[in-house]
Each structure stands twice: as structure tokens, then as C-alpha cells.
Amino acid sequence: MDIPPLAGKIAVLSLGALPLSFALNYVSVLSYPLGVVLMSTLILGLLSLAIYSLSRSDIYYDPLYAVFAVFAFTSVVDLLIALQEDGYMAGFMAFYTKEGEPYLRTAHGVFICYWDGIVHYLLYLAMTGAIRKRKSYRNLGLYWLGSFMMSILVFLPGNILGKYSSEIRPTFFLTIPFVLIPCWAGLRIFTQTRVPTCCTPNMVEEVQGKGLLRRPVDLALVICLVFAAFFTLFRGLVVLDCPLDACFVYIYQYEPYLRDPVTYPKVQMLVNMFYVLPFYGLAIYALIFPGCSWLPDWALVFAGAIGQAQFSHMGASMHLRTPFTYRVPEDAWASFFVCNLLYALGPHLLAFRCLWRPAFFLCPPLGPPTHHEKQH
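- The protein chain appears in an unreviewed UniProt entry as Transmembrane 6 superfamily member 2 from Moschus moschiferus.
- Under the UniProt heading Sequence similarities (unreviewed entry), the note attached to the protein chain is "Belongs to the TM6SF family."
- Under the UniProt heading Subcellular location (unreviewed entry), the note attached to the protein chain is "Endomembrane system".

## A closer look at the overall build of the protein chain
Thought 1: The number of helices and strands found in the protein chain is 15 helices and 0 strands.
Thought 2: Computed over C-alpha atoms, the radius of gyration of the protein chain comes to 23 Å, within 12% of the 21 Å expected from 2.2 N^0.38 for 376 residues, which places it in the range of a compact globule.
Thought 3: The principal-axis extents of the C-alpha atoms in the protein chain amount to approximately 90 × 60 × 30 Å.
Thought 4: Here the analysis covers contacts within the protein chain between residues at least 6 apart in sequence; of these, 78% occur between residues at least 24 apart.
Thought 5: Surface exposure of the protein chain reaches about 18500 Å², of which carbon and sulfur atoms provide 70%.
Thought 6: When the 24 positive and 21 negative side-chain charges of the protein chain are each reduced to one mean point, those points stand 7 Å apart.

## Quick look at the confidence of the model for the protein chain
Thought 1: Looking at the protein chain, pLDDT values average 89 and 94% of them are 70 or higher.
Thought 2: Residue range residues 369-376 is modelled with pLDDT below 50. Its contacts to residues more than four positions away, or to other chains, number 2 contacts.

## Focus on a nonpolar patch on the surface
Thought 1: Together, F248, V249, Y252 and Y254 make up an exposed nonpolar region whose accessible area comes to about 390 Å².
Thought 2: In this structure, Y254 sits in the loop between helix 12 (245-253) and helix 13 (264-288).
Thought 3: Overall, the relative accessible area of 35% leaves Y254 in the partly exposed class.

Rules of the game
- Residues numbered from 1 in each chain as written.
- Predicted model: local features only at pLDDT ≥ 70, side-chain atom pairs only at ≥ 80, totals over all residues.
- Heavy atoms only, no water.
- UniProt positions renumbered as here; feature names shortened; annotations may be inferred.
- Helix = DSSP H or I, 4+ residues; strand = E, 2+ residues; numbered from the N terminus.
- Rg over C-alpha atoms; globule rule 2.2 N^0.38 Å.
- Contact = heavy atoms within 4.5 Å.
- Areas by Shrake-Rupley, 256 points an atom, 1.4 Å probe, with all protein chains shown as cover.
- Lys, Arg positive; Asp, Glu negative; His and termini not counted.
- Charge placed at Lys NZ, Arg CZ, Asp CG, Glu CD.
- pLDDT = per-residue confidence, 0-100.
- Patch = residues over 30% accessible without salt bridge, like charges linked within 9 Å, V, L, I, M, F, W, Y side chains within 5 Å.
- Salt bridge = Lys/Arg side-chain N within 4 Å of Asp/Glu carboxyl O.
- Buried < 20%, exposed > 50% of the residue type's maximum accessible area, 1.4 Å probe, protein only.

Spelled out as C-alpha cells, the structure:
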């Protein structure tokens, strides 16, 4: 997969969030929740107009250019929020976390801001750069889609169900476009033409004729996915207060963060159990039986989703904003990091395998290959 060049114009425009957020921090009207939501709406509207006037031809070619450009700006804002909450800078977005979205000051909120400000930001620059060069960004878009939707699926219910439910402000309703637009973007990304492969019908037939035992890489992935599925189910049962002794020991001695009343970790484990667990089962099936052409796309989506989820979960489990009683005990750090890193690595290895040698997942040829012999 070719990595497209980054979009310099969007990078410069998004960095305008630095002086703007610094100036807005001293505007008195932003000390009220309604003032924050009105100012945020105005800024996003003016930003959209500026992007449209500067990049009209790119937007006509692909409307997602405007979406990624606006989201790149918000990614810089999120990075500023994370850096400020961790004490690396001051005087930028204090008004927003105080009167706009106070739940961003939680450990989980800080780490989703880091992920959005670094990983999503680079993806936005790469995807807008690809649009400018008229290149495909389908694989990057699928990874972004999974990552973005996972953050939304956990963060929004956690805000409503957790201890910060009483502090929801009008800015919460600004998240509605951030839910609807990615759904529309995902449909457009999925309908884009796939990058053509160099697999011949003979190659497809040869690879798909091999059993699982003759494909050691796929066998190793199946074993990894089986363990990941059991781990997903186990942690789902843990947050559902399963009375088994193993669940009791795990939640108190290894991951007490799962008991944190902010409820983000509980929602995360339930999302994993109800969405990721079925995918693991389907992925195991697709690695055993050939011709499952849907797996490469969905492997990228779930790789992005698990990457975002594990980054936020692992970071919040250790962060100082998490009360001490809910942090990972020092004697469990090694096992916690090994298990969670391997859990995050598995879907990425699956996605890499699907992109590396996709012949096994292609639709099998309709008939036997035709052999042409010279007539003498």
C-alpha cells in the first residue's frame, strides 16, 4: 500500500487552531456554556467556508476532502486539550474543558484527545494529500473509520451513563454531526474502487487449494484470534459482575480500572464483547475457508477500532487522573502490558496479512484455467 503525500495546505490551516484557541481563552463570553457552543459553531462554519474557497476543485472531486480538512483542525484542538490537561502547556483550551466538555478532563478523555491529535491528524493529512494527487486512500480511510467510530461508540455512552452525566452541556449536541458525518464518509469509502491486485487466477487457485495446516501464518493468526476472543469474552463477563473467582481476582488485582465509575472502561469491554467478539469468529472462519473477500476491508476497520480502544484503555488505566485505587497495581504492570499489547497487535497483524497476500481472500475463479498449447 502506497502512503500518499501529506497535504501541506491543510496542515497550515489546521495549525491556525494554536493562536485561535489561545485568543479565545481570554474572551469573557466563553465563560458560559451557551457562549462556548455558539462560538464553536461559528468557528466551524467559518472554517468550512475557508476550506471551500481555498480548495473548491478538490471538494468537487471528493467531498470528503472538506470533512477531513475540518476534522484535521479539530484534531489539533484535541491535542492542545490533552497537552494542557497533562500540564505541558497552559492558556489554550481551559475554557472549553471547563464550560464545554468537562469529561475531556478524565483520563479516558485525555487519551482519546492524544489519539485524535496524533493518529487521526496524520491520517487526515495523508487522505487529503491523496485526494489532491487523485490517488486512492481507501485503506487509510477504512482504518480511520474503525478508529473514529470506536471512539464515538465508547465516549458518548460513557458521558451519558458515567459520573459526568450531570455535567453534560449544550456542546454535547455538537457531537451529532461527528456521528452522522463518519457514517456517510464510511459509505463513500466502502464504495470506492479497491486497489487492484496482481494475483492471477492460477495463483488464486493454488493458494486457496492449501489447507490451514499448510499455511503456518494463517494458522498462527487463527490461534491468536482464538485467544483474543476468549480474552474479549472474559473481560466482558468481568464488567458484568460475573461471580466466578477468576473474574473477581482479575478486576481487583490486574485491571481495577474496569470498576472506575466514569464507566468508559465498562462500555469499552461491552462494545468489544458485542461487536469485536463476533468479528473474531468471522475472521477465524475467513482464515480457514477461502474466498471471503470481505475480510481485508473489515480487518482494516477493526484494526483501527482496536488500536484506538487499546491505546485509550491502557493509557487511562495508568494515568494520574484515574484514582489510585482504580489504577493498575505495580506488581501487575508486566502482565497488563503484555496482554493488552498483544490484544492490540492481533488485528493489525491480520490486516497486514490481508494486504500482504490477498489471493486467499479473493473470489475463486469461475472455472478451471485454460491452458493454451501451440499447435504444430
